[in-house]
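Fold and contact review
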There are 2 protein chains.
Amino acid sequence: MPIVFTNRYLGRAIIVLFAVLLAGLGSNAQSQQYPPFDLDTGDPLREAIIPRLVPVLIAEVSPSLGDVTMVNRVNTVTILALWDALAPYHPTAVGAYTRLERRPESDRTQLNMNTATLHAAYHALAGMIPGTEPVWREMLVSAGLDPDDAGMDPGTAVGIGNAAGKGAIAARLHDGYNQTGHYADTTGYEPVNTATELVDPGRWQPDITRRGIGLYTAQQFVTPQMANVEPYSDFDPRDFRAPAPSDSDPANWDAYKAQVDEVLHFSANLSDEQKMLAEIFDNKVVSFGASFQAVSRSLGLSAAENAMADFLVMLAIHDATIPTWQEKRRWDAVRPFSAIRHVYGDETVTAWGGPGKGAMEMPANQWQSYLQEADHPEYPSASSCVCAAQAQAMRRYSGTDALNWVINFPAGSSRVEPGVTPAADLQVTVPTWTDFAHYCGQSRVWAGLHFQAAIDASAAMCAPIGDAAYEYFALLMSGAAPERGPAQALEPDPRQDDRDDES
Amino acid sequence: MPIVFTNRYLGRAIIVLFAVLLAGLGSNAQSQQYPPFDLDTGDPLREAIIPRLVPVLIAEVSPSLGDVTMVNRVNTVTILALWDALAPYHPTAVGAYTRLERRPESDRTQLNMNTATLHAAYHALAGMIPGTEPVWREMLVSAGLDPDDAGMDPGTAVGIGNAAGKGAIAARLHDGYNQTGHYADTTGYEPVNTATELVDPGRWQPDITRRGIGLYTAQQFVTPQMANVEPYSDFDPRDFRAPAPSDSDPANWDAYKAQVDEVLHFSANLSDEQKMLAEIFDNKVVSFGASFQAVSRSLGLSAAENAMADFLVMLAIHDATIPTWQEKRRWDAVRPFSAIRHVYGDETVTAWGGPGKGAMEMPANQWQSYLQEADHPEYPSASSCVCAAQAQAMRRYSGTDALNWVINFPAGSSRVEPGVTPAADLQVTVPTWTDFAHYCGQSRVWAGLHFQAAIDASAAMCAPIGDAAYEYFALLMSGAAPERGPAQALEPDPRQDDRDDES
């Protein structure tokens, strides 16, 4: 998996994406790109879906894969479709939204499960990412399946897959994400600061980001309405709150300056290991996927068991983001890049000076974080939250805190400092889920994206959501989960602008 | 050239880009992408440089190629390098910045001129677009040249190319564009309106644009400092002014509403021909390049003559943008999308309803232009200006207004409405440069990007810049142009905030 970090992989991934898109437009470039998929013996998620999905996510959803809202939106609905397609082949499991009659044991063949899985993925992904249907049609064709077979007979694998794929889209279409409105904000959020003026140094400021050689845009808070998305598992997001980020209040000047100084200290002393851990945990596809695969391999999960367990990972992450966005919207807290400028202006500070430059002296208002901060307020940390939730869900699933995720970073494989970092091949072992959550959270401070308080608040708030996710997953697995109708948007958080309350 | 408009071409272009980037990273994917270049008989600009440059521009400069500032920045410095590399092989021409000794007639071989051209392009493009050096190294290798041959002997083709390429970068490095500062604004421009609030309905408002399935950003005025860039030709941009856009002043309500209604009328009645002309004139690479190629072919220009005449096209366009940006910065005028919302709010209007939807009724505040408006104030129109300048320069160069540019639009080749528009193969002939400038300008109103006044003001202001460009080009061609030092930024326009003056 670390190969994902080489520019070569990203380049190839994007080539593959476009080659496949071309295929849908009549070119046959695609035929050279993917091996045919073996329906009888293959693993559809790992061999057919993910290799095509990653470049699509890079091109259509999040170029850095660092986004935790849209990437997970796509992944969660897709894995939901797989779950609902596989449940009928399981001895006890039931669908989360699409409830299909259980198939007799004689039907529980790899061929049937793979057929249902690929048809489900096709309808889910084509529905989630407009314009990419050619990619998924080609995926079915590469498996010898007919994308035009729209049969809905729940007694056939094709019918089960089609029903589960279309059912997953329908079940989550109006869940509060505003998918039908291109995920545009439905909460009326407006930042108090502009990209050029920090009116309130305690509040979030959109950053100006550059694409290409000199095209600039200003950030917009991504999907503030995620605070109002219906969770999969059984909890009320309004019961989950993060305390006021008091150190981000400039009225508490000593504390405000102290957390700025802490970020500058880490920036000036970044090790290769810190840089690479920051990069891998910034990549949501890899940090979630590769860590889960370490567990899946150790448990020897089959293709179907792996796909069904992946639903637990994704629903834990999805559900954890809901109270996180609720509290981000409510506290609307300043990012380090703004606070550093506010405290030090054009005074000289020592910090990471940019790709390949290491620590250097610079005017504080030219400081930059090692990674591009995401387009939402700082507190609490979304990455820390979802890692805490995933870690707890995985502990419950595997019955142990042990993880033993071994990450290999080839020399020079950094996205930020390609060819430079790490200086030599680097191997990092993450022994436990506790270490996983720790690295995931701290790496956000190392990278200059967050203050420590945002990490600590997320860990406390989000681990219990991993429990809720596991308990819902266990109910689905045992068949005891009650049927449910399509998800619906929650009422807006009554406290979405309540920044006075201290809890 | 219309093939440029098919998704297939863009897809392939981007595949090629990444394949070539991979090449620089050790893959050999690139070797399959381009045919070897024949130094003795080939046309380096048309066969080696442009096919590699277009995908790079799409990826690194302007995804739509609709940008008139950065795309032309790269193209102009590159073609300058080619001019300075070819001048020594011309009987009378002299370099614009790099003045090299004229080569004896015996040296005027295609081999020498192509060698000098490719070395010049390599150094210019690698210098202009960081990170793409592998693309240009591969270009030289494909021609049997050695990118590591850094010889500067002005008696050799390699030395001439290296000197001209490096010289072009040095000559324009501090010309006011702020290349060393990643082209960030140096004028302190701040919009009076935000993306969410139209404080002054006469002034420019940044638009919110969406990338991928739901990532939103707010526009930033691209390179306001282009008002302070030193022209190539001999004129003072401060002598070129556009009258106040009085109809964009809401105090003149009837006129303000009338120009809004005119844009809505065109939007509701778009023909396939209008849509496709709007698209081709929005693509600066194709509209400038393909129209010039029509002339080049009719005159039977050689590879070297074609490259040298292309410098005239690019310097006319480059120079015309300078007073245009000066006046855009000064008048800071509102775009139609803001004015339509201001006049009609949520009242129902009839207009183009989005890709494939044709004319429909909608709340005015949901109206969208057929093309994404560029990230700079509305008045005067940059496209109209550069087309007027190019047209006049070409009239002077070819001695006639005749153009006879035949454009073929395959059915369904629209970028905005792929597979839908045009309904059938469409051929449009642009008989004269006067028609070229007319279509170029009017298509900006059809597409909902501009009001008519911005088109008329540009045509009047910018045609004379085509004369200035031609006169400078003629001096260079005859050898009478005086030597000059590196370009320097102009003093800021003293009237950059002077919106009271009516001239």
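Residues numbered from 1 in each chain as written. Chains lettered and ligands numbered in written order. Predicted model: local features only at pLDDT ≥ 70, side-chain atom pairs only at ≥ 80, totals over all residues. Heavy atoms only, no water.

Observations regarding the overall build of chain A
- Along the backbone of chain A there are 14 helices and six strands.
- Its C-alpha atoms put chain A at 70 × 50 × 45 Å along the principal axes.
- Contacts in chain A between residues at least 24 apart in sequence constitute 75% of all its contacts with a sequence separation of at least 6.
- Taken as a whole, chain A presents about 17,300 Å² of accessible surface, with 51% of it coming from carbon and sulfur.
- Of the side-chain charges in chain A, 34 are positive and 61 negative, and the distance between the mean point of each set is 3 Å. (Helix = DSSP H or I, 4+ residues; strand = E, 2+ residues; numbered from the N terminus. Contact = heavy atoms within 4.5 Å. Areas by Shrake-Rupley, 256 points an atom, 1.4 Å probe, with all protein chains shown as cover. Lys, Arg positive; Asp, Glu negative; His and termini not counted. Charge placed at Lys NZ, Arg CZ, Asp CG, Glu CD.)

Some remarks on the side chain of Ser383 of chain B
Residue and element names in this part refer to chain B.
- Position of Ser383 among the secondary structure elements: in helix α12 (residues 382-398).
- At 3.3 Å, the side chain of Ser383 forms a polar contact with the side chain of Arg444.
- Discounting chain neighbours no more than four positions away, the residues touching Ser383 are Lys284, Cys440 and Arg444. (Polar contact = N/O pair within 3.5 Å; in protein donor to acceptor, adjacent residues only side chain to side chain.)

Section: helix α3 (residues 70-86) of chain B
- Given a rise of 1.5 Å per residue, 17 residues ought to cover 24 Å, and the 25 Å separating the end C-alpha atoms of α3 of chain B matches this to within 8%.
- Of all the 17 residues making up α3 of chain B, 17 are buried; the element is thus mostly covered by neighbouring parts of the structure. (Expected span 1.5 Å × (residues − 1). Buried < 20%, exposed > 50% of the residue type's maximum accessible area, 1.4 Å probe, protein only.)

Here we look at the state of the cysteines
Residues and elements named next belong to chain A.
- Tallying each qualifying case throughout the model produces four disulfides over all chains.
- Between Cys387 and Cys440 runs a disulfide, and the two sulfur atoms are separated by 2.0 Å. Here Cys387 and Cys440 share a disulfide; its torsion about the S-S bond, 75 degrees, makes the bridge right-handed. Linking Cys387 in helix α12 (residues 382-398) with Cys440 in helix α13 (residues 433-446), this pair joins segments that are 53 residues apart in sequence. In this structure, Cys387 and Cys440 share a single accessibility class: buried.
- If one numbers only the bonded cysteines of chain A, in the order they occur, the disulfide pattern is 1-4, 2-3. (Disulfide = S-S within 2.5 Å.)

Quick word on unusual backbone geometry
Residues and elements named next belong to chain A.
- Between Tyr379 and the following residue, Pro380, the backbone shows a cis peptide bond with an omega angle of -5 degrees.
- When you line up the elements, Pro380 lands in the loop between β4 (359-363) and α12.
- Residues other than glycine seldom take positive phi values, yet His182 does so here, at roughly 55 degrees.
- Here His182 shows up in the loop between α6 (157-172) and β1 (208-211).
- You will see that Thr223, though not glycine, has its phi angle at about 40 degrees, which is positive.
- Examined against the element boundaries, Thr223 turns out to sit in the loop between β2 (215-219) and α7 (253-268).

Regarding the sheet that holds strand β1 (residues 208-211) of chain B
- Spatially, β1(A)-β2(A)-β2(B)-β1(B) is the arrangement adopted by the four strands of the open sheet, whose pairing is antiparallel. A strand with exactly one partner marks an edge of an open sheet, and here the two such strands are β1 of chain A together with β1 of chain B. The mean angle between the axes of side-by-side strands here comes to 45 degrees, regardless of whether they run parallel or antiparallel. (Pairing = 2+ DSSP bridges. Axes fitted to C-alpha atoms, helices over the stretch in contact; angles between N-to-C directions.)

A look at the packing of aromatic side chains
- Counted by the stated rule, this structure contains 34 aromatic pairs over all chains.
- With a centroid separation of 6.3 Å and 50 degrees between ring planes, the pair formed by Tyr189 of chain A and Trp204 of chain A is classed as tilted. Taken together, the positions of Tyr189 of chain A in the loop between α6 and β1 and Trp204 of chain A in the loop between α6 and β1 put the pair 15 residues apart, joining distant regions of the chain. Each of the two residues, Tyr189 of chain A as well as Trp204 of chain A, counts as buried.
- Judged by centre distance (6.0 Å) and plane angle (85 degrees), the ring pair of Tyr232 of chain B and Phe311 of chain B falls under edge-to-face. On the criterion of sequence distance, the pair formed by Tyr232 of chain B in the loop between β2 (215-219) and α7 (253-268) and Phe311 of chain B in helix α10 (residues 303-331) is long-range, its members being 79 residues apart. Across the pair, Phe311 of chain B and Tyr232 of chain B agree in class, each one buried.
- Arg172 of chain B extends its terminal NZ or CZ atom over the ring of Tyr232 of chain B, reaching a point 4.1 Å from the ring centre.
- The ring of Trp325 of chain B carries Lys328 of chain B above its face, with NZ or CZ at 5.5 Å from the centroid. (Phe/Tyr/Trp six-rings, centres within 6.5 Å; stacked < 30°, edge-to-face > 60°. Lys NZ or Arg CZ within 6 Å of the ring centre and 35° of its normal.)

Overview of the pattern of salt bridges
All names here are of chain A.
- Summed over the entire model, instances satisfying the criterion amount to 40 salt bridges over all chains.
- The shortest N-O distance in the salt bridge between Asp493 and Arg241 comes to 2.8 Å. Separated by 252 residues along the polypeptide, Asp493 in the segment after α14 (452-478) and Arg241 in the loop between β2 and α7 bring together distant segments of the chain. Neither residue differs from the other here; Asp493 and Arg241 are each classed as buried.
- Close ionic contact of Asp282 with Arg415 constitutes a salt bridge, the shortest N to O distance being 3.7 Å. In this pair, Asp282 sits in helix α8 (residues 272-282) while Arg415 sits in the loop between β5 (402-409) and β6 (426-432), placing the two residues 133 residues apart along the sequence. (Salt bridge = Lys/Arg side-chain N within 4 Å of Asp/Glu carboxyl O.)

Observations regarding the packing of helix α2 (residues 44-60) of chain B against α10 of chain B
Residues and elements named next belong to chain B.
- Viewed as axis vectors pointing N to C, α2 and α10 meet at an angle of 55 degrees, and their least axial separation amounts to 9 Å. When the interaxial angle is binned, α2 and α10 end up oblique. Contacts between α2 and α10 involve Pro44, Leu45 and Arg46 on the former and, on the latter, Ala303, Asn306, Ala307 and Asp310.
- Within the contact of α2 with α10, the residues separate by chemical class into four nonpolar, one polar and two charged. (Parallel < 35°, antiparallel > 145°, perpendicular 65-115°, else oblique. Nonpolar A, V, L, I, M, F, W, Y, C, P; charged D, E, K, R; others polar.)

So, the side chain of Gln179 of chain A
- Mapping Gln179 of chain A onto the fold places it in the loop between α6 and β1.
- Judged by relative accessible area, Gln179 of chain A falls into the buried class, the value being 12%.

Quick notes on the nonpolar core
- Counting residues in each nonpolar core, the largest one holds 142 residues, and the members touching the most others are Leu118 and Trp405 of chain A.
- With 15 residues, the single largest contributor to this core is helix α10 (residues 303-331) of chain A.
- The contact partners of Leu118 of chain A, leaving out residues within four places of it in the chain, are Phe37, Leu39, Pro44, Ala48, Ile49, Met139, Leu140, Ala143 and Leu145 of chain A.
- Tyr97, Leu270, Tyr439 and Met461 of chain B belong to the second-largest nonpolar core, a separate cluster that totals 141 residues. (Core = buried A, V, L, I, M, F, W, Y, C linked by side-chain atoms within 4.5 Å.)

Things to note about the packing of α7 of chain B against helix α11 (residues 336-344) of chain B
All names here are of chain B.
- Following both chains from N to C, one finds α7 and α11 inclined at 115 degrees, their axes separated by 10 Å at the closest point. The hand of the α7/α11 crossing is left-handed. Taken together, the residues of α11 that come into contact with α7 (itself represented by Trp253, Tyr256, Lys257, Val260, Asp261, Val263 and Leu264) are Pro336, Ala339, Ile340, His342, Val343 and Tyr344.
- Residue classes in the contact of α7 with α11 are distributed as ten nonpolar, one polar and two charged. (Left-handed = near helix turned anticlockwise from the far one by under 90°.)

Regarding the environment of Asp249 of chain B
All names here are of chain B.
- Mapped onto the elements of the fold, Asp249 is located in the loop between β2 and α7.
- Classification of Asp249 by relative accessible area gives partly exposed; the value is 36%.
- For the pair Asp249 and Asp149, spaced 100 residues apart in sequence, the C-alpha separation works out to 59 Å.

Overview of the confidence of the model for chain A
Residues and elements named next belong to chain A.
- On average, chain A scores 91 in pLDDT, and the residues at 70 or more come to 93%.
- Long-range and interchain partners of residues 1-32, a stretch whose pLDDT sits below 50, account for 77 contacts in this model, where long-range means more than four residues apart.
- Note on the complex model: pTM 0.85, ipTM 0.80. (pLDDT = per-residue confidence, 0-100.)

Describing α7 of chain B
All names here are of chain B.
- Counted at 1.5 Å a residue, the expected span for α7 with its 16 residues is 22 Å, and the 22 Å between its end C-alpha atoms agrees.
- Within the sequence span of α7, burial applies to Tyr256, Gln259, Val260, Val263, Leu264, Phe266, Ser267 and Ala268.
- Where α7 is buried, its residues contact α8 (272-282), α11, β3 (348-352), β4 (359-363) and α13 (433-446).

Focus: the environment of Gly66 of chain B
Residue and element names in this part refer to chain B.
- Mapped onto the elements of the fold, Gly66 is located in the loop between α2 and α3.
- By relative accessible area, which is 15% here, Gly66 ends up buried.
- Once you skip the residues sitting within four places of it in the chain, Gly66 turns out to touch Asp282 and Lys284.

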